[in-house]
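Structural description and commentary
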Amino acid sequence: MSAGTAAVHLGLLNCGVKPGDEVIVQSFTFCASTHPVTYLGATPVLVDSEPDTWNIDPELLEEAIKDRKAKTGEYPKAIVPVALYGMPYKADRIMEIANKYGIPVVEDAAEGFGSKYKGQTLGTFGKYGVLSFNGNKMITTSGGGALITEDEEHWREIMMYATQ
């Protein structure tokens, strides 16, 4: 991809995010985690961080999901946890909650390239994982990014957008 931000954008697009939808993103992050949400005409729903990792608080995440369903009648279309400063988010709990409500996860592991949570590499828990190769990242090419998926069909769909 041209950037990690582009990878978040295409991951959300392939999750079906469209105008009027909501996407949960942690509040303590760089704007590149929320801009792709607004590019798609959706609204970011910011969830506060927990003190252990400074990343999205799984308990507040579940509260936010229930709140949005109660207020809008809809679940958010995606969840974007962010590996702030390379620190892993509590991926097992986030995935447990996401799976409980059927919400896809687009992991913004742009700053967490190479970081692991309980032995598993960040960016490999959710439907999509995002890496960045910007000049301030762990491994840099001065720019660019990557979108990770296990599903070849999803990869083909993403590549159709990425090569246009």
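Residues numbered from 1 in each chain as written. Predicted model: local features only at pLDDT ≥ 70, side-chain atom pairs only at ≥ 80, totals over all residues. Heavy atoms only, no water.

Quick notes on the overall build of the protein
Scanning the protein for helices and strands turns up five helices and eight strands. For the protein, the N- to C-terminal ordering of α and β elements is α-β-α-β-α-β-α-β-β-β-β-β-α. Taking 164 residues into account, the globule formula puts the C-alpha radius of gyration at 15 Å, and the protein, at 14 Å, falls close to it. Structurally, the protein occupies a C-alpha span of about 45 × 35 × 25 Å along its principal axes. Looking at the protein as a whole, 49% of its 164 residues are labelled buried. Taken as a whole, the protein presents about 8,000 Å² of accessible surface, with 54% of it coming from carbon and sulfur. Across the protein, the mean location of the 14 positive side-chain charges is 3 Å away from that of the 21 negative side-chain charges. (Helix = DSSP H or I, 4+ residues; strand = E, 2+ residues; numbered from the N terminus. Rg over C-alpha atoms; globule rule 2.2 N^0.38 Å. Buried < 20%, exposed > 50% of the residue type's maximum accessible area, 1.4 Å probe, protein only. Areas by Shrake-Rupley, 256 points an atom, 1.4 Å probe, with all protein chains shown as cover. Lys, Arg positive; Asp, Glu negative; His and termini not counted. Charge placed at Lys NZ, Arg CZ, Asp CG, Glu CD.)

Section: the nonpolar core
Formed by 24 residues in total, the largest nonpolar core has its most connected members in Ile 24, Leu 61, Ile 65, Ile 79, Tyr 89 and Leu 122. Broken down by secondary-structure element, the contributors of at least two residues to this core are β2 (43–47), α3 (58–72) and α4 (91–101). In contact with Ile 79, not counting residues within four places along its chain, are Ile 24, Leu 61, Ile 65, Ala 98, Ile 103, Pro 104, Val 105 and Val 106. The next biggest cluster of nonpolar side chains, apart from the first, holds 19 residues, and it includes Cys 15, Val 130, Leu 147 and Ile 158. (Core = buried A, V, L, I, M, F, W, Y, C linked by side-chain atoms within 4.5 Å. Contact = heavy atoms within 4.5 Å.)

Here's the deal with the pairing of strand β1 (residues 22–26)
Among the five residues that make up β1, five are buried, leaving the element largely enclosed by the rest of the structure. Residues Glu 22, Ile 24 and Gln 26 point to one face of β1 and Val 23 and Val 25 to the other, with burial holding for every one of them. Note: β1 against strand β3 (residues 78–80), three bridges, orientation parallel. When the bridges of β3 are listed, Ile 24 appears paired with Ile 79. (Pairing = 2+ DSSP bridges.)

Points about α4
Those residues of α4 that sit buried are Ala 91, Ile 94, Met 95, Ile 97, Ala 98 and Tyr 101. Seen end-on, α4 carries its buried residues on one side only, within an arc spanning 165 degrees. For α4, the exposed residues set more than 90 degrees away from the buried face come down to Asn 99 and Lys 100. Packed against the buried residues of α4 are α3, β3 and β5 (116–117). (Arc of directions from axis to C-beta.)

Quick look at the pattern of salt bridges
Applying the stated criterion across every chain yields a total of 13 salt bridges. Close ionic contact of Asp 52 with Lys 90 constitutes a salt bridge, the shortest N to O distance being 3.3 Å. Residue Asp 52 is found in the loop between β2 and α3, and its partner Lys 90 is found in the loop between β3 and α4; the two are separated by 38 residues along the sequence. Each member of the salt-bridge network shares a partner with another, and the members are Glu 59, Glu 62, Arg 93, Glu 96 and Lys 100. (Salt bridge = Lys/Arg side-chain N within 4 Å of Asp/Glu carboxyl O.)

Description of the sheet that holds strand β8 (residues 145–148)
On the basis of which strands lie adjacent, the open sheet formed by three strands has the order β4-β7-β8 and mixed pairing. If you trace the sheet from one side to the other, it starts and ends with β4 (106–108) and β8, each paired once. In this sheet, adjacent strand axes meet at a mean angle of 20 degrees when their direction is disregarded. Sheet strands in contact with helix α1 (residues 4–14) are β4, β7 (128–132) and β8, and its direction is about 165 degrees off that of β7. (Axes fitted to C-alpha atoms, helices over the stretch in contact; angles between N-to-C directions.)

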